[in-house]
Protein chains: 2
Amino acid sequence: MPVPQEQLDAYAELVVGVGVNLEPGQAFGVTAYVEHAPFVRAVARAAWAAGAQDVDVRYVDEHLRKAAVELAPEESLGVSPPWLLDRRESYGDRSAYLLVRGHPDPRMFEDVDGARLAASRLHEEDAIWLRQVSERRVSWSLVSFPTEGWAATVFGEPDVGRLWDAIARTVRLDEPDPVAAWADHIRRLDARAAALNERRFDAIRFSGPGTDLLVGLHAGSRWQSAGEDTAWGRPHVPNLPTEEIFTTPDRRRTEGRVRSTRPLVCQGRIVRGLELELRGGRVVDVRAEEGAEVVQAQVTTDEGAAELGEIALVDGDSRVGREGLTFFDTLFDENASSHVAYGQGFGGCVDGAAELSPEEQWELGISQSSLHTDFMVGGPDVEIDGLTASGEAIAIVRGDAWQL
Amino acid sequence: MPVPQEQLDAYAELVVGVGVNLEPGQAFGVTAYVEHAPFVRAVARAAWAAGAQDVDVRYVDEHLRKAAVELAPEESLGVSPPWLLDRRESYGDRSAYLLVRGHPDPRMFEDVDGARLAASRLHEEDAIWLRQVSERRVSWSLVSFPTEGWAATVFGEPDVGRLWDAIARTVRLDEPDPVAAWADHIRRLDARAAALNERRFDAIRFSGPGTDLLVGLHAGSRWQSAGEDTAWGRPHVPNLPTEEIFTTPDRRRTEGRVRSTRPLVCQGRIVRGLELELRGGRVVDVRAEEGAEVVQAQVTTDEGAAELGEIALVDGDSRVGREGLTFFDTLFDENASSHVAYGQGFGGCVDGAAELSPEEQWELGISQSSLHTDFMVGGPDVEIDGLTASGEAIAIVRGDAWQL
């Protein structure tokens, strides 16, 4: 059953009004899968109604990517044409941009060559995007819309309506006033971030089955909620849903082993039971029960891909966690669980780094990469502590519950 | 009922192998509606298999255009972003390009403002495209794929299977060897063009109900079939189906009145009973039973939009004519009936003009415009004569049957 038009419109208004928080006169770009057309059309109408100066949608078709992965000559895989880079650059100056996720079929790439799949990523376009995000030059949001293939992966049957209902609750569309509910929610997350920033932890430690990981922070690492301001002071919400507080660690100071607690969909492949070992800040070993080769290819993409760019804390009481589902979609699963990401760090999360060049950020210890891949490491059996500069351990999460 | 995969694949191979006649190592671009994704995916696989160096698909969503026509600020309508023009330019150097038509809903724009609809056309992108085509710098083809909305317009019910069967016959997919059938067909059309070229007519006259039109030709006007060669000598078939032979007239020498014999879908609107009056080569009056304002807006778009750029002859025995349908799609209806087009002429159809600049072509009497709109003027009641330089009239078509 398709999502009713009234709910499409309400979601579109939330995404445009709270997610990207579109300003009148702003250029507005969208990347979405062809399967999302009904939602994208509602978004476009909401954006024009909000005063957009332009609405430009790039529809992506994962079946075309699969055809390329299977059939394209090696040298053609993952090439971003110059016009595509120009398009992406054009949104780096006070524009608004929406990414719509929700894969048409998370199992689509199960039977293709992992190295060719990783090579098919448009890494040059991604690099421009990650830089714009890191420099807060775009008012952006990442949201999801259900597809039959995604619903089948979650429920074993293509029950789009059931998946939509779960998504609608996680993005607070069930509230009488979703916009006000989001303002409240962001305030709560901001309070958590403020509490952590007061402590000025030197490192965060994750301990649990298969996990003993120490992630060193910068003296200037600042915890943030996913309610952000652009460089020109426009508030927006980069992820709907969002339940995390996060920062960027020192790329040189991660040590130990970590086991993912939820499956990860990466480059259209499901990765299960991922285990990474990090030494001196770098991933030195990748194992997984399934899909290891995708992550192995990713972490060797460029220098920063093997370093951590983000650490984020979420407890089990999040709206996403309460759904009790594995969504097989990072936007949701990362908001049900504490997580870390390898790849690009966020200059805006480290005092004084936002204005620095990529090279200067790297010197300062902020990972620079054309990719940024989150994976979930929290859960009921994982203890999370903050370590002070003097080595004292303070409990942050126990039994999936927030302690501070 | 969706089109069976086997038939999708056969059509895709025909389009890639005969339509654009893709060369190994060539860049291949596609513009299609989101509704065409199943066919586009088959085309992409056929293109990679044929050795494409790149396959880049631009999905267009007419519902987004409708949202813009209804809601966008005036100054945003029809603006081609720079990257879109760069993308289009990038295909002007020995590339292959496929346009997929077959509107998602030919009645979609019935209730919108005609002037805003006309203004929403991406005329800058179109102008680049028409120049590339005119200069034969791209190996291109225009084909159609059925949609529910299109089938409903033709049959009164969304019978996609029935529309697909009709399309499949018109493109000779019912032949045991469609590729060989196309080679034969193009030879037959070439013979017709050769017979007309031998006569060196000075003008063509259409006479019928509501029509008394004299179209002056250049001394160097050459009749061609839609089997073309690119400037670098690569044969391709720009329209599937195609039944016409055509040339470009002298833009200054059309006189009289003409009444269209079939409805025309123009800019997403159905135009019925179109009547044009031309004086000194220029449209001076536009009337229609329905949709006149779309054509009125078009012919005032630029200087050349009010002049004829093409004249084409088709008899009633064409494969498209034999289907006995009004397709509400110019690609088909123009191949069931003789037709003319206002707007851009084809430099390649006039001796010595192919290499000239747009300004030089215009001086020579070849219309230059950012648009090119065909409309149907032939039928059982329309007599078509060729006039020699001495004024003798020679019957070309009588009772919808070829006479030469």
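Residues numbered from 1 in each chain as written. Chains lettered and ligands numbered in written order. Predicted model: local features only at pLDDT ≥ 70, side-chain atom pairs only at ≥ 80, totals over all residues. Heavy atoms only, no water.

Contact with chain A, which involves 26 residues of that partner, is made by 26 residues of chain B. Considering only the side of chain A, the residues that lose the most area to chain B are Arg-41, Trp-48 and Trp-83 of chain A, jointly responsible for 28% of the buried surface there. At the boundary of chain A and chain B, one finds six salt bridges. Note that Arg-41 of chain A and Glu-35 of chain B form a salt bridge whose closest N and O atoms lie 3.2 Å from each other. Joining chain A to chain B, the criterion identifies ten residue pairs in polar contact (both at pLDDT 80 or more). For the side of chain A that touches chain B, the elements supplying multiple residues, two or more each, are helix 2 (37-49), strand 2 (54-60), helix 3 (62-71) and helix 4 (82-89) of chain A. Its residues assigned to classes, the side of chain A that touches chain B comprises 15 nonpolar, three polar and eight charged. (Contact = heavy atoms within 4.5 Å. Buried area = accessible area lost by both parts, 1.4 Å probe. Salt bridge = Lys/Arg side-chain N within 4 Å of Asp/Glu carboxyl O. Polar contact = N/O pair within 3.5 Å; in protein donor to acceptor, adjacent residues only side chain to side chain. Helix = DSSP H or I, 4+ residues; strand = E, 2+ residues; numbered from the N terminus. Nonpolar A, V, L, I, M, F, W, Y, C, P; charged D, E, K, R; others polar.)

Before going further, it helps to spend a moment on the sheet that holds strand 15 (residues 282-287) of chain B. All names here are of chain B. Sheet architecture is open: eight strands sit in the order 15-14-11-6-5-19-20-21, paired in antiparallel fashion. Of all the strands in the sheet, the pair left with one neighbour each is strand 15 and strand 21 (401-402). Where strand 20 (residues 393-398) meets strand 21, two bridges bridge the pair, whose relative direction is antiparallel. Note on strand 21: the bridge partner recorded for Val-397 is Trp-402. (Pairing = 2+ DSSP bridges.)

As a further point, take the relation of the copies chain A and chain B. Overlaying chain A with chain B gives an RMSD of 0.0 Å, the required rotation being 180 degrees about an axis along which the chain moves by 0.0 Å. On the angle and the small slide along the axis, the relation comes out as a two-fold axis. Among all residues of chain A, the one whose C-alpha sits closest to the rotation axis is Trp-83 of chain A, at a distance of 2.5 Å. By residue overlap, the copies meet face to face through one surface: 100% of the interface positions of chain A are interface positions in chain B. (Least-squares fit on C-alpha atoms with pLDDT ≥ 70 in both.)

The next point concerns the packing of helix 7 (residues 148-155) of chain B against helix 8 (residues 160-170) of chain B. All names here are of chain B. As a packed pair, helix 7 and helix 8 sit with axes 8 Å apart at the nearest point and diverge in direction by 85 degrees. Looking at the two axes, helix 7 sits roughly perpendicular to helix 8. Here Glu-148, Trp-150, Ala-151 and Phe-155 of helix 7 lie close against helix 8, whose contacting residues are Val-160, Arg-162, Leu-163 and Ile-167. A class-by-class count of the residues in the contact of helix 7 with helix 8 yields six nonpolar, no polar and two charged. (Axes fitted to C-alpha atoms, helices over the stretch in contact; angles between N-to-C directions. Parallel < 35°, antiparallel > 145°, perpendicular 65-115°, else oblique.)

Overall, antiparallel pairing links the eight strands, which are arranged 15-14-11-6-5-19-20-21 (chain A) in an open sheet. In the strand order of this sheet, the two ends are held by strand 15 (282-287) and strand 21 (401-402) of chain A, each with one partner.

Residues and elements named next belong to chain B. If you walk through the whole model with that rule in mind, you get 72 salt bridges over all chains. Note that Glu-62 is salt-bridged to Arg-65, the shortest N-O span being 3.2 Å. In this pair, Glu-62 and Arg-65 both sit in helix 3 (residues 62-71), three residues apart, roughly one turn of the helix. For Arg-65, a relative accessible area of 17% puts it in the buried group. (Buried < 20%, exposed > 50% of the residue type's maximum accessible area, 1.4 Å probe, protein only.)

Residue and element names in this part refer to chain A. The N-to-C vectors of helix 1 (residues 5-19) and helix 2 enclose an angle of 55 degrees; their axes lie 8 Å apart at closest approach. What the angle tells us is that helix 1 and helix 2 run oblique. For the pair helix 1 and helix 2, the crossing hand works out as right-handed. Judged by residue contacts, Gln-5, Leu-8, Asp-9, Tyr-11, Ala-12, Glu-13, Val-15 and Val-16 of helix 1 engage Pro-38, Phe-39, Ala-42, Val-43, Ala-46 and Ala-47 from helix 2. (Left-handed = near helix turned anticlockwise from the far one by under 90°.)

Let us look at helix 2 of chain A. Its 13 residues give helix 2 of chain A an end-to-end C-alpha distance of 18 Å, which sits within 8% of 18 Å, the value for a rise of 1.5 Å per residue. In terms of burial, helix 2 of chain A is a largely internal element, ten of the 13 residues being buried. Taken as a whole, helix 2 of chain A has its buried residues at Ala-37, Phe-39, Val-40, Arg-41, Ala-42, Val-43, Ala-44, Ala-46, Ala-47 and Trp-48 of chain A. On its buried side, helix 2 of chain A packs onto helix 1, strand 1 (27-33), strand 2, strand 3 (95-101) and strand 4 (138-144) of chain A together with helix 3 of chain B. One or two steps after helix 2 of chain A, the chain reaches Gly-51 of chain A, where phi turns positive at roughly 100 degrees. (Expected span 1.5 Å × (residues − 1).)

Once that is clear, we can look at the domain arrangement of chain A. Residues and elements named next belong to chain A. Once the domains are mapped, chain A shows domain 1 (5-170) and domain 2 (199-231 + 241-402). Summarising the inter-unit geometry, the C-alpha centres of domain 1 and domain 2 are found 23 Å apart. Tallying the contact residues gives 38 residues for domain 1 and 37 residues for domain 2. Carbon and sulfur atoms make up 58% of the area that domain 1 and domain 2 hide from each other, which totals about 2900 Å². Together, Arg-121, Arg-136 and Thr-170 form the three largest contributors to the area buried by domain 1 at its contact with domain 2, with a combined 24%. Salt-bridge contacts for Glu-323 lead to Arg-169; the nearest nitrogen and oxygen are separated by 2.8 Å. Scanning the region where domain 1 abuts domain 2 turns up ten residue pairs in polar contact (both at pLDDT 80 or more). Broken down by element, the side of domain 1 that touches domain 2 gets its largest block of residues, six residues, from helix 6 (residues 123-134). Of the residues in the side of domain 1 that touches domain 2, the class split is 17 nonpolar, ten polar and eleven charged. (Domains from an automatic or database assignment.)

This next bit is on unusual backbone geometry. Cis geometry is found at the peptide bond from Leu-240 of chain A to Pro-241 of chain A, where omega equals 0 degrees. Its location among the elements puts Pro-241 of chain A in the loop between strand 9 (235-236) and strand 10 (245-247). Unlike most non-glycine residues, Asn-21 of chain A shows phi in positive territory, near 50 degrees. Along the chain, Asn-21 of chain A turns up in the loop between helix 1 and strand 1. Accessibility expressed as a relative area gives 16% for Asn-21 of chain A, which makes it buried. We note that Arg-172 of chain B has phi near 65 degrees; this positive angle belongs to a residue other than glycine. Position of Arg-172 of chain B relative to the elements: it lies in the loop between helix 8 and helix 9 (178-199). Look at Arg-172 of chain B and you get buried, because its relative accessible area is 5%.

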